[in-house]
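One-letter residues, chain by chain:
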Amino acid sequence: MKPFLGMPPQLTRLALTTVVIVTLFFTARTLLVPSSFGQYGHYRGDALREIAAREPYWAGRGACNDCHADHVKKVAAAEHKGLSCEDCHGPSRAHVENPEVKLPKMAFGQCVRCHEASPSRPAWLHQINSHNHYTGQGCTECHAPHQPNEVP
Amino acid sequence: MTQNLSRRGLLRTLGGLALGAACVSAARASKAAVQKGLASSGAPKEYDPTKHRWQMAFDVDRCIGCGLCVEACKAENSVPENSFRTWIERYVVTKPEPGGGDNRGETFVDSPDGGIHGFPPSLIPKEEVLKSFFVPKLCNQCENSPCAQVCPVGATFEAPDGVVLVDRNYCIGCGFCIQACPYGCRFFNETTHTADKCTLCYHRITRGLRPACVEICPSGARIFGDLKNTTPDDPISQFFQKNKVEGLKPHLGTRPRTVYAGLDMEVR
């Protein structure tokens with residue numbers, strides 16, 4: 001090997017090898033590191049977008065208000081104002097996308113899920129003992145779910 | 001170079017160069033294709049994580065233990081059976097022995113199926129109960145996350161909007177983070193074979209919706225908001241105005257971002 005810049009041949013070889021290894025390292029790094037790495041920190045920025053890409057399951061109260069504003073307003077004025085429509089009516093996404101898809105009627109037993117008496121439940125909650133509170137009658141025979149306090 | 005360039009030598013050099021160039025372009029093309037496939041199309045485009053700071057808070061006195069949040073979370077995030085991203089615990093504190101000098105007896109905690117079907121009556125007789133209450137739990141989104149610290153491949157990280165997330169494409173499922181979490185908020189997802197946890201419904205909050213558990217909670221026990229939201233009626237700023245709050249296990253230095261109001265000393 002011809003001496004390069006007056007260096008002995010073993011140094012020239014060493015310098016060449018170093019240049020090759022450094023070039024290979026940076027080439028491999030460019031190829032292997034995802035392009036969004038380091039966008040927000042020491043991780044892939046695209047991971048955020050991938051996690052966010054999932055489709056929501058519950059439609060949310062805003063979606064109900066678009067068509068049923070009258071009902072939403074009525075509920076918001078009564079005791080059940082904190083409830084989401086989907087608490088009783090079930091997941092509504094299919095219905096929001098296509099109003100022809102009807103939601104199932106409110107299932108019996110949904111009321112006691114929240115209102116069955118329990119010593120662990122906070123005192124502010126209206127609680128009943130379902131085995132001695134007008135047994136044999138459906139809850140909605142007396143209570144209107146949208147205005148539960150208006151009992152005849 | 002003093003050697004003469006032979007035909008064989010020239011061909012070899014040219015062949016090597018061509019092969020190298022082909023390798024580089026193939027690798028570039030496959031990398032681009034993989035990244036295109038990964039960056040899924042359904043993600044909300046206009047969302048900027050640096051402009052939000054999400055905060056979850058619990059009002060323990062409002063939780064009625066109905067379990068609707070657990071059910072909503074399972075459906076929203078396809079959480080496998082026997083695993084929970086959020087769950088409810090029932091605390092039952094018994095009365096102290098009369099004249100024994102204690103302010104309370106024993107504490108019993110249970111969470112049958114995470115509370116997804118509500119809670120059957122407690123086995124402890126009503127007369128012996130000093131007090132009883134429900135505590136909802138989920139990922140505390142720690143600022144100093146033990147789970148992110150132990151991950152050997154950097155698959156868990158804290159996003160700029162304050163949510164601790166798992167990159168499923170990088171997670172190797174070793175389970176270090178599941179052991180590291182002092183709150184028991186992580187689990188191994190048998191379907192994806194990765195570590196899994198609450199994302200605060202990242203796919204909902206980036207679309208302007210609230211997390212499924214907050215949306216479904218009928219009693220207002222879960223409060224969620226954006227600390228970078230400047231509107232004064234933001235639920236989370238109102239919550240911080242009205243309540244004295246604390247995080248779980250503050251002595252561990254994890255700095256949990258999820259806070260509780262009305263917490264009892266027995267809750268860990």
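In this numbering scheme, every chain counts its residues from 1 along its sequence in written order. Whichever chain is written first is A, and whichever ligand is written first is 1; the rest continue in order. Confidence filtering applies because this is a predicted model: local features only for residues at pLDDT of at least 70, side-chain atom pairs given and counted only at 80 or more, and all residues used for totals across whole chains, interfaces and linings.

## Describing the overall build of chain A
And step 1. Secondary structure elements are defined from DSSP: runs of H or I of at least 4 residues count as helices, runs of E of at least 2 residues count as strands, and each element is numbered from the N terminus. Looking only at helices and strands, one finds seven helices and zero strands in chain A.
And step 2. In chain A, the succession of helices and strands from N to C terminus is α-α-α-α-α-α-α.
And step 3. Against the 2.2 N^0.38 benchmark of 15 Å for 152 residues, chain A shows a C-alpha radius of gyration of 33 Å, more extended than a compact globule.
And step 4. Along the first, second and third principal axes, the C-alpha atoms of chain A reach 110 × 40 × 25 Å.
And step 5. Counting other C-beta atoms within 10 Å of its own, a residue is labelled buried from 20 upward, exposed at 12 or fewer, and partly exposed in the gap between, with every C-beta atom placed from the backbone. Here chain A holds 152 residues, and 16% of them are scored as buried. Each radius of gyration is computed over the set of C-alpha atoms, and the globule rule expresses the reference value as 2.2 Å times the number of residues to the power 0.38.

## Focus on the interface of chain B and chain A
And step 1. Here the contact rule is simple: place C-beta atoms from the backbone, and any two residues whose C-beta atoms are within 7 Å are in contact. With 52 residues of chain B at the contact, the number on the chain A side is 37 residues.
And step 2. Within the residue set of the side of chain B that touches chain A, elements represented by two or more residues are α1 (7-38), α2 (68-77), β4 (129-138), α5 (202-205) and α6 (212-216) of chain B.
And step 3. Broken down by element, the residue count for the side of chain B that touches chain A peaks at five residues, all from α1 of chain B.
And step 4. When grouped by side-chain class, the residues that make up the side of chain B that touches chain A number 26 nonpolar, 14 polar and twelve charged. Residue polarity is assigned by list, with Asp, Glu, Lys and Arg as charged and Ala, Val, Leu, Ile, Met, Phe, Trp, Tyr, Cys and Pro as nonpolar; anything else, Gly included, falls into the polar class.

## A word on the domain arrangement of chain B
Residue and element names in this part refer to chain B.
And step 1. By the assigned domains, chain B splits into domain 1 (49-142 + 198-261) and domain 2 (146-196).
And step 2. How far each domain reaches was decided by an automatic or database domain assignment. A separation of 21 Å is found between the C-alpha centroids of domain 1 and domain 2.
And step 3. With 21 residues of domain 1 in contact, the opposing surface of domain 2 contributes 15 residues.
And step 4. Within the side of domain 1 that touches domain 2, the residues separate by chemical class into eleven nonpolar, seven polar and three charged.

## As for the pairing of strand β2 (residues 86-94) of chain B
Residues and elements named next belong to chain B.
And step 1. Two strands qualify as a pair provided that DSSP identifies no fewer than 2 bridges between them. Direction of pairing for β2 relative to β4: antiparallel, over a ladder of nine bridges. Bridging across to β4, Trp87 finds its partner in Lys137.
And step 2. Relative to strand β3 (residues 107-110), β2 is paired through four bridges, and the arrangement is antiparallel. If you follow Tyr91 over to β3, its bridge partner there is Val109.

## As for the sheet that holds β4 of chain B
Residues and elements named next belong to chain B.
And step 1. The three strands are arranged β3-β2-β4 in an open sheet whose pairing can be described as antiparallel. At either margin of the open sheet sits one strand with a lone partner, and together these are β3 and β4. Each strand of the sheet is rotated relative to its neighbour by a mean of 20 degrees, with strand direction disregarded.
And step 2. Set on the sheet, α2 makes contact with β2 and β4; between it and β2 the angle comes to about 160 degrees. Here an axis means a line fitted to C-alpha atoms, over the contact stretch when the element is a helix, while the angle between two N-to-C directions is reported on a 0 to 180 degree scale.

## A look at the pairing of strand β1 (residues 54-59) of chain B
Residues and elements named next belong to chain B.
And step 1. Burial of β1 is extensive: six of the six residues sit out of reach of the surface.
And step 2. Along β1, one buried face is formed by Trp54, Met56 and Phe58 and the opposite face, lined by Gln55, Ala57 and Asp59, is buried too.
And step 3. With three bridges connecting them, β1 and strand β11 (residues 259-261) associate as parallel partners. Pairing of Phe58 across the sheet is with Tyr260, part of β11.

## Looking at α2 of chain B
And step 1. Counted residue by residue, α2 of chain B has eight buried out of ten residues, so it is predominantly covered.
And step 2. Taken together, the buried positions of α2 of chain B are Leu68, Cys69, Val70, Ala72, Cys73, Lys74, Glu76 and Asn77 of chain B.
And step 3. Those residues of α2 of chain B that are buried are in contact with α5 (85-89) of chain A together with β2, β4, α6 and β9 (222-226) of chain B.
And step 4. Phi for Ser78 of chain B, located one or two positions after α2 of chain B, is positive at around 45 degrees.

## Points about the nonpolar core
Burial of nonpolar side chains together is a common tendency in soluble globular proteins.
And step 1. By convention the nonpolar core is taken to be a set of buried residues drawn from Ala, Val, Leu, Ile, Met, Phe, Trp, Tyr and Cys and joined through C-beta atoms within 7 Å. Ranked by internal contacts, the top residues of the largest apolar core, which has 62 residues, are Cys69, Ala72, Leu165, Leu200, Tyr202, Cys213 and Ile216 of chain B.
And step 2. The element that contributes the greatest number of residues to this core is α2 of chain B, accounting for five residues.
And step 3. Those residues in contact with Leu165 of chain B, other than ones at most four positions away along the chain, are Ala47, Leu48 and Ile51 of chain A together with Phe157, Ala159, Thr199 and Tyr202 of chain B.

## Structural notes on the sheet that holds β11 of chain B
And step 1. Strand order in the open sheet formed by four strands is β9-β1-β11-β10 (chain B), with mixed pairing between adjacent strands. At either end of the open sheet lies a strand with only one pairing partner, and these are β9 and β10 (245-246) of chain B.

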